[in-house]
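The primary structure of each chain is shown beneath.
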2 protein chains.
Amino acid sequence: MAPTTRPDDGERVLTALRRHLDGRREVVAGIDDRVDRLAGLLSDFVTDGGKRMRPRFALAGWTAATPDGAAVPDEVVTACAALELIQACALVHDDIVDASDTRRGRPTVHRTAEALHRDSRWDGDAERYGISQAILIGDLALTWADEMFVTSGVSPGALSRALVPWYAMKTEVLSGQMLDVLAEASGATDEVTPARVNRFKTAAYTVERPLHIGAELAGAGPETIAALREFGVAVGQAFQLRDDMLGVFGDPEVTGKPSGDDLREGKRTLLLARATTLSAKDDADFLLGVLGTEIDATRLDRARRILVDSGAVASIEAEIDTLTTRALHAVDTAAITDHGRENLRDLAAAATRRQA
Amino acid sequence: MAPTTRPDDGERVLTALRRHLDGRREVVAGIDDRVDRLAGLLSDFVTDGGKRMRPRFALAGWTAATPDGAAVPDEVVTACAALELIQACALVHDDIVDASDTRRGRPTVHRTAEALHRDSRWDGDAERYGISQAILIGDLALTWADEMFVTSGVSPGALSRALVPWYAMKTEVLSGQMLDVLAEASGATDEVTPARVNRFKTAAYTVERPLHIGAELAGAGPETIAALREFGVAVGQAFQLRDDMLGVFGDPEVTGKPSGDDLREGKRTLLLARATTLSAKDDADFLLGVLGTEIDATRLDRARRILVDSGAVASIEAEIDTLTTRALHAVDTAAITDHGRENLRDLAAAATRRQA
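Numbering of residues begins from 1 in every chain and follows the order in which that chain's sequence is written. Starting at A for chains and at 1 for ligands, labels are handed out in the order in which the entities are written. A pLDDT threshold of at least 70 governs which residues receive local features in this predicted model, and a stricter bar of 80 or more applies before side-chain atom pairs are shown or counted, although totals over entire chains, interfaces and linings include all residues. Hydrogens and water are ignored here; the side-chain numbers use all heavy atoms of the structure.

In the nomenclature of an unreviewed UniProt entry, chain A is known as Polyprenyl synthetase family protein of Dietzia aurantiaca. UniProt positions are given in the numbering used here, feature names are shortened, and annotations may be inferred rather than shown by experiment. Its UniProt record gives chain A the following Cofactor (unreviewed entry) comment, quoted word for word: "Mg(2+)".

Now the structure itself:
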């Protein structure tokens, strides 16, 4: 059997990103060298890391709708790789919103720009400077994402079909982010809000729409697209539930984030909402009380015990299983190619069983 | 003679914006009502005001390349109107960068979101909340701008030609903004930096590229486009120089901004750079000293006198005249239609002789 994911796909995505970023930076360098150095922060951010989840799902969508053995054309790789630039904008702006100092074990873009200000001993507020430049760098990523997607070289027909989920996805992820920020501020304790954030900020953006985009690029029919989207919503939701678990129980050595980071950041996850519903009042109050504070090891330990003892952890794990089963069932159809299905199974496992 | 600017163009631009925003908000409302209320801040911002400079120049570009008497098709109005959504992103994000409290006589978007947080008596830092939502609202504007432009309904050929200046413009304006933020922080006193900010943040973005986009939508030939771009660069630069003058000498009643606002905000304008070059050392030091401070009436008065007595004001006024003459000369060619040229003359006058 042929390998379900070509080992060089990741390399091809990176090459496409490098090519586009280098081309754009030539334009910027023609404007001003100092601006090009700032644009370099975006290049470094995009090319230095990340799991490339969205391009992988987009390529999987293409593969699932394409006869076995067909090589992915360069222009499709380029269009799928453009998703990483949307993700760059999302992360750079999210890190400002969350006031995060590190990302992937390095200083965040706004902190790096802030450090450049300090090192240059410039006038004014270094922190404000870092945030200002990072807002603009994120905007540049969003602009270059659209340019990369639209000028990828895919056929006009494929492009106009794929632009429908492309634009829908962007509205969905931003709506999900806005709701997330609002939920954190308003202290929402219901399950509807985190489930909705999960649905749009994560599931639509990370899995459903990338698969949909890839399938439209391949000229897939409505049955294939429906199957892929159903798979995508379920896997995407399971992916976020796994993220919620890792955000409290993850190993800092593996996740690259401090232990119990979600509690410290005050994230209103479904895991948390369920635990507050299931546990006794004093335990629920304790959980809500530590949220968004500099939680120490003892209190983190108690919070974790409440999450487990309330049954919330078991309930979320069961939900991950149910969603994964539903996802695999959705693609168990003749509308999905055999090697496409194998590929989707691997990705579902990677998204829901990961440690980081 | 037919009227050079149809009186209903502004109304048509507004109608196109309303239609697109209403359509997008239906999608958002389907996600969450609370997010739709935040998206409403963007709608209000876009539909409640602004000079619509960029759509006007884009429509002028279309007119200059189209035989006399042709009505502008709806899809061209829609594509040109999309420029207002880029401008919405630019202003919403700029107001965060500049920490501005008001825009067009109303609270800025980040301040409005901040007030909603306070009024709801939510947890956490209201100011941070306002900035976070305004970053995302600006991103939404940028996303919807691209969607509106690409789905405007113009022919695929016209669209693919017009997307070249569309994307170039976005990279240029962001580069200009980044350089502007950098120049302010680094305290650049040279003339090259503000001239470059002017060239890309204003001239390319406000005049040259909108004209270019309109001309490409009309299927203009290379001579027409070259003439329009030369006109656009000159008028755009003159527009910014007029802005620099109004930023120090403008009547707050007319501009809607506090008196001497550019000095208070620490803007590194060409007017300022020229005055520091032309004036004696103690005057130059005084100017640089008041920059970015809460300047009082006496000190503002002295700063204004230095700008006049140094000859900087006269020199900038002469430059505005030279640029305007050059602009009008550039379109004095058979490659521009007669009514298109009249239209451009009116717009050049409006951009360079305005009081606000």
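Draft legend 1. Just the packing of aromatic side chains, in detail. In this scheme Phe, Tyr and Trp rings, the latter by its six-membered ring, pair at centre separations within 6.5 Å, and the angle between planes marks the pair as stacked below 30 degrees, edge-to-face above 60, and tilted otherwise. Tallying each qualifying case throughout the model produces four aromatic pairs over all chains. Between W122 of chain A and Y129 of chain A, the aromatic rings sit 5.6 Å apart at their centres with planes inclined by 75°, giving edge-to-face as the arrangement. For W122 of chain A, a relative accessible area of 24% translates into the label partly exposed. For Y129 of chain A, a relative accessible area of 6% translates into the label buried. The ring centre of F200 of chain A lies 5.0 Å from the NZ or CZ of R199 of chain A, which sits over that ring. Geometrically, a lysine NZ or arginine CZ counts as sitting over a ring once it is within 6 Å of the ring centre and also within 35 degrees of the ring normal. We note R104 of chain B situated over the ring of F45 of chain B; from NZ or CZ to the ring centre the distance is 4.6 Å. Three exposure classes are used, based on accessible area relative to the maximum for each residue type with a 1.4 Å probe and protein chains only: buried under 20%, partly exposed in between, and exposed over 50%.

Draft legend 2. Structural view of the nonpolar core. Here, nonpolar core means buried Ala, Val, Leu, Ile, Met, Phe, Trp, Tyr and Cys residues that are tied together by side-chain atoms lying within 4.5 Å of each other. Formed by 132 residues in total, the largest nonpolar core has its most connected members in F149, W166 and L217 of chain A together with L42, F149, W166 and L217 of chain B. We call two residues in contact whenever any of their non-hydrogen atoms come within 4.5 Å of each other. In this structure, F149 of chain A is in contact with A79, A82, L159, A162, L163, W166 and I213 of chain A, ignoring residues within four places of it in sequence.

Draft legend 3. Focus on the environment of T171 of chain A. Under the scheme used here, helices are H or I runs from DSSP no shorter than 4 residues and strands are E runs no shorter than 2 residues, and both carry numbers assigned from the N terminus. Locating T171 of chain A in the fold gives a position in helix 8 (residues 156-186). With residues up to four places along the chain from it excluded, the contact list for T171 of chain A reads V27, V28, L140, T143, W144 and E147 of chain B. In terms of polar contacts, T171 of chain A uses its side chain to reach the side chain of W144 of chain B, at 2.9 Å. N or O atoms within 3.5 Å of each other form a polar contact, as long as, within protein, one can give a hydrogen and the other can take it, and as long as residues adjacent in sequence are counted only when both atoms are side-chain atoms.

Draft legend 4. Focus on the environment of D296 of chain B. All names here are of chain B. Along the chain, the position of D296 falls in the loop between helix 14 (281-290) and helix 15 (297-309). Judged by its relative accessible area of 39%, D296 falls in the partly exposed class. In this structure, the C-alpha to C-alpha distance between D296 and A203, residues 93 residues apart in sequence, is 32 Å.

Draft legend 5. Local environment of helix 4 (residues 74-81) of chain B. Residues and elements named next belong to chain B. Most of helix 4 is tucked away: six of the eight residues are buried. Among the residues of helix 4, V76, V77, T78, A79, C80 and A81 are the ones counted as buried. Close packing links the buried residues of helix 4 with helix 1 (9-31), helix 3 (53-64), helix 5 (83-97), helix 7 (126-150) and helix 9 (192-217).

Draft legend 6. Region of interest: the environment of S120 of chain A. Residue and element names in this part refer to chain A. Mapped onto the elements of the fold, S120 is located in the loop between helix 6 (109-119) and helix 7 (126-150). S120 sits in the partly exposed class, given a relative accessible area of 35%. Here the alpha-carbon distance between S120 and S259, two residues 139 residues apart in the chain, equals 34 Å. A polar atom in the side chain of S120 sits 2.7 Å from the backbone oxygen of L116.

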